[in-house]
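# Coordinate inspection notes
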Amino acid sequence: MAVASIRKMPDKVDYGVSFSVLHARELGLDWKMVYNALIDDLGVRQFRLSAHWPITEPKNDVFNFSELDYQITRAENHGASIILAVGRRLPGWPECHEPEWTEKLSKEEKREELLEYISRVVNLYKNSPAISHWQIENEPFLTGFAKRQCQDFSDKEFLKEEIALVRSLDPNRPILVTDSGEIGFWYDAYNLGDSFGTSLYLYVWNQKIGPFRYPITPAFFRIKRNIIELIYGKKDSLLIELSLEPWLLQPIKDTPIETSLSRMDIDKFNKIIKFAQKTGFEVQYLWGAEWWYYMKINNHLEFWKRARELF
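What comes next concerns the included structure. (Residues numbered from 1 in each chain as written. Predicted model: local features only at pLDDT ≥ 70, side-chain atom pairs only at ≥ 80, totals over all residues. Heavy atoms only, no water.)

### Section: empty space enclosed by the protein
Quick reminder of the rule: Think of a 1 Å grid over just the protein atoms. A cavity is a set of points where a 1.4 Å probe fits yet cannot get out, a pocket is an open set with protein on both sides within 12 Å along at least five of seven lines, and lining residues have an atom within 4 Å of a point. Grid points are joined across faces, edges and corners, and a volume is the space filled by probe spheres set on the points. Secondary structure follows DSSP: runs of H or I at least 4 residues long count as helices, runs of E at least 2 residues long count as strands, and numbering of each begins at the N terminus. When residues are sorted by character, Ala, Val, Leu, Ile, Met, Phe, Trp, Tyr, Cys and Pro go into the nonpolar class, Asp, Glu, Lys and Arg into the charged class, and all the rest, Gly among them, into the polar class.
According to the stated counting rule, one finds two cavities of 30 Å³ or more in the structure shown. The space that makes up the largest cavity amounts to roughly 60 Å³. If you trace the largest cavity, you find it lined by Val21, Leu22, Ser50, Ala51, His52, Ile55, Thr56, Asn64, Glu67, Leu68 and Gln71. Residue assignment for the lining of the largest cavity shows that the elements contributing at least two residues are helix H1 (21-26), helix H3 (53-56) and helix H4 (66-77). Broken down by element, the lining of the largest cavity gets its largest block of residues, three residues, from H4. Residue classes in the lining of the largest cavity are distributed as five nonpolar, five polar and one charged. Taken as a whole, the second largest cavity spans an internal volume of roughly 40 Å³.

In structure tokens:
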């Protein structure tokens, strides 16, 4: 426990939100209404957005940036900052997102197309004052998760190539690389990026053993961070994905509200927030904002109201 005392607890936590057009659409929501409500009602001023490849390049060499243009322009107009994630493996199930037209490509051809798409995104938005970081891929070393969906595609050397590409296109912004909080080893992601981000999923649901809570305390994260900093040096680190929506075995829209509430009620919601506040991370990006809005329009306003108190 002596190691944990190296890091002092922050006086306050600075909150942001991950937002996904794909996730809002999965919930049957008007994504613009959700995004605008986050800015105008909750007052969110730090976002992590994703340039999901199937949206930005739905056909080969046919690009669509209308969704990202809207989000980034709105953020600029309100003085908000954006961590923009690019790559094949980005936030949200099924973890790896690729356009249908890439299915017939070889592994090398697909990698070439991926690098071209990343270049397009970075070149288009690198002059935006809202962009604070580029996130390259999402938890790229968590290879055992979603293995069937992601298959054997990514490796450390190719990740380095992606990072080098983005650095060459925009040398002035930090590169963020992420890893799982509970089961990730952190050292590869920590070393490769200028900044490091980790996730926190306290309550999960496994098909074999059912719903369970990870048997950890906040000190687990503090000790882990202190050890990695002692070995590799200190750098900007943040809690990039704090899960505040239910972990389910089927899509939320196909799940009864009562089942969702059994997995994430307001008491559990608050417990997770309090747990995360004790991890020592000064900046925390909340995951589940689309679900809060979904619950709000389904007469469960408690999550939206609680989130409003945080911003």
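Right, picking up where we left off after that structure.
### Details of the sheet that holds strand S1 (residues 14-19)
Here is the rule: A pair of strands is labelled paired if DSSP reports no fewer than 2 bridges between them. Here, axes are lines fitted to C-alpha atoms. For helices the fit covers the stretch in contact, and angles between N-to-C directions go from 0 to 180 degrees.
The strand order S1-S2-S3-S4-S5-S6-S9-S10 describes a closed barrel built from eight strands, whose pairing is parallel. Averaged over all neighbouring strand pairs, the angle between strand axes comes to 30°, with direction disregarded. Sheet analysis places strand S9 (residues 237-243) next to strand S10 (residues 283-287), joined by three bridges and oriented parallel. Bridging from a neighbouring strand, leucine 242 pairs with leucine 286 of S10.

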